[in-house]
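Remarks on the overall topology
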Amino acid sequence: MSAAQGFFAQRLNKVKPSPTLAITKLALKLKADGKDVIGLAAGEPDFDTPDHIKDAAMTAIKQGKTKYTAVDGTPELKQAIVNKFQRENGLTYQPSQVIVGTGGKQVIFNAIMATVSPGDEVIILAPYWVSYPDIVNLAEGAPVFINTRVEDGFKLLPQDLEKAITPKTKWLILNSPSNPTGAAYTEKELRALADVLLRHPHVWILTDDIYEHLLYDGAKFMTIAQIEPKLFERTLTLNGVSKAYNMTGWRIGYAGAPEALIKKMAEIQGHSTSNPSSISQAAAVAALNGPQEFMAKQLATFQQRRDMVVDMLNQIPGIQCPKPQGAFYVYPSCAGVIGHKMPNGATINSDDDFATYLLEAEGVALVPGSGFGLSPYFRISYATSTEALKDACARIKRACEKLTNGNQKAA
């Protein structure tokens, strides 16, 4: 009997490894073997952090701002966040109602750990960002999944939310624009969801707005506490600098919420990581307070990439790709290739099989929909160069054209 058997906490039995792990591991092996692999799995912008933000970090280092800060963020950064919420979202928070964490993921973890007891239910929309259910499971809560539909734009409908709420419901997690689908809610759609939530005052809302600045076709971003002020006292409004400011590695996320919740979240953070990096916090102040004009150019580039990828994928036999409204992902269906045979005679039975086939046959690394809780789909991040995206789509097309259904090619 291994010394480790029985040693690890049972709660870990409910946690799955990252769904990108198998593909990433195989991609690394193929690269090591000399194969040309295009990675479309990363959820981070390919643009560099703007110079004024990097300069602020270097200045902070030179000025000796390298010591511990307050657990939940420096006064300067918390004030910058307060100003941001007011300026961009019309939400009025006090610094005591703001927390800064080591990335948005930690902020979510803190909130769930501070509020969810065994058996408490958290409503999560599928497809979902991979960490939502596992964070709930670590808190010994119960994820309750609502499958969204492509014909509804992968958005939650009010009647489906109403059906999912029970006396045990603690949170609804709402991510707009969404990872992995790029779905983004309009003011009218949020209003309809708010009307349901007003009828259930025990349900809190965690609104993940990390892709706020990545909305296309002139769409205007709205967040639910902005739409319905009566929900303000039970909403945690989450955001961060990772996506908008190209600062994924700096690890700064933040949220506004009622002060009582923020205090409990800070207690948890105080016994885990304590404060986020002092240097990253100084950089985040420059990000939030500094020039914002560069975002428009980046957004235009992302929109061009989105349009190109959607167009190219929809020309591939067996693939159907809806046009996302935000973020930098597409979530195409591969239902049209399920049941088809690969050149080696094996059958594609799932989106996992399809992703593995694309990686092995053409060196394209993407994430199967199973990891996001809704199949048969796959996620492509178009936060990479236009040239790489063109090449990857051409490779996917070539791989699909080699599939057969009996004696017929995929259609």
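First, a word on what this report is: a plain description of the structure on this page.

For the protein chain, the count of helices and strands is 13 helices and 14 strands. Over its C-alpha trace the protein chain gives a radius of gyration of 22 Å, about what one expects of a compact globule, namely 22 Å for 411 residues. Seen through its principal axes, the protein chain has C-alpha atoms that stretch 65 × 60 × 50 Å. Per element, the accessible surface of the protein chain, about 17800 Å² overall, is 54% carbon and sulfur.

Attention now goes to the state of the cysteines. Put plainly, two cysteines are in a disulfide when a covalent bond ties their sulfur atoms together. In the structure shown here, the tally under the stated rule is zero disulfides. In this model Cys334 remains outside any disulfide bridge; the closest cysteine sulfur is found in Cys400, 8.6 Å from its own. For Cys400, a relative accessible area of 0% corresponds to the buried category.

Another aspect to go through is the sheet that holds strand E12 (residues 378-381). Pairing is antiparallel in the open sheet, where three strands are placed in the order E9-E12-E11. With partners counted over all chains shown, the strands left at the sheet margins are strand E9 (329-330) and strand E11 (367-368), one partner each. Two strands pair when backbone bridges link them, and E9 and E12 are joined in this way by two bridges, in the antiparallel orientation. Looking across to E12, one finds that Val330 is bridged to Ile380.

With that settled, consider the packing of helix H4 (residues 104-115) against helix H9 (residues 259-270). At a closest axis distance of 9 Å, the pairing of H4 and H9 adopts a crossing angle of 105°. Classed by the angle they form, the pair H4 and H9 counts as roughly perpendicular. Only Leu261, Lys264, Met265, Ile268 and Gln269 of H9 make contact with H4, whose side of the interface consists of Gln106, Val107, Asn110, Ala111, Met113, Ala114 and Thr115.

To continue, consider unusual backbone geometry. Following Ala126, the chain continues to Pro127 via a peptide bond in cis, the omega torsion being 5°. Note that Pro127 resides in the loop between strand E3 (121-126) and helix H5 (131-138). The amide bond that connects Ser375 to the next residue, Pro376, takes the cis arrangement and shows omega of -5°. Among the structural elements, Pro376 can be located in the loop between E11 and E12. Although it is not a glycine, Glu140 adopts a positive phi angle of roughly 65°. By secondary structure assignment, the location of Glu140 is in the loop between H5 and strand E4 (142-147). A positive phi is found at Asp217, a non-glycine position, where the angle reads about 60°. Relative to the helices and strands, Asp217 resides in the loop between strand E6 (204-208) and helix H8 (224-227).

Cut-offs used in this document
- Residues numbered from 1 in each chain as written.
- Predicted model: local features only at pLDDT ≥ 70, side-chain atom pairs only at ≥ 80, totals over all residues.
- Heavy atoms only, no water.
- Helix = DSSP H or I, 4+ residues; strand = E, 2+ residues; numbered from the N terminus.
- Rg over C-alpha atoms; globule rule 2.2 N^0.38 Å.
- Areas by Shrake-Rupley, 256 points an atom, 1.4 Å probe, with all protein chains shown as cover.
- Disulfide = S-S within 2.5 Å.
- Buried < 20%, exposed > 50% of the residue type's maximum accessible area, 1.4 Å probe, protein only.
- Pairing = 2+ DSSP bridges.
- Axes fitted to C-alpha atoms, helices over the stretch in contact; angles between N-to-C directions.
- Parallel < 35°, antiparallel > 145°, perpendicular 65-115°, else oblique.
- Contact = heavy atoms within 4.5 Å.

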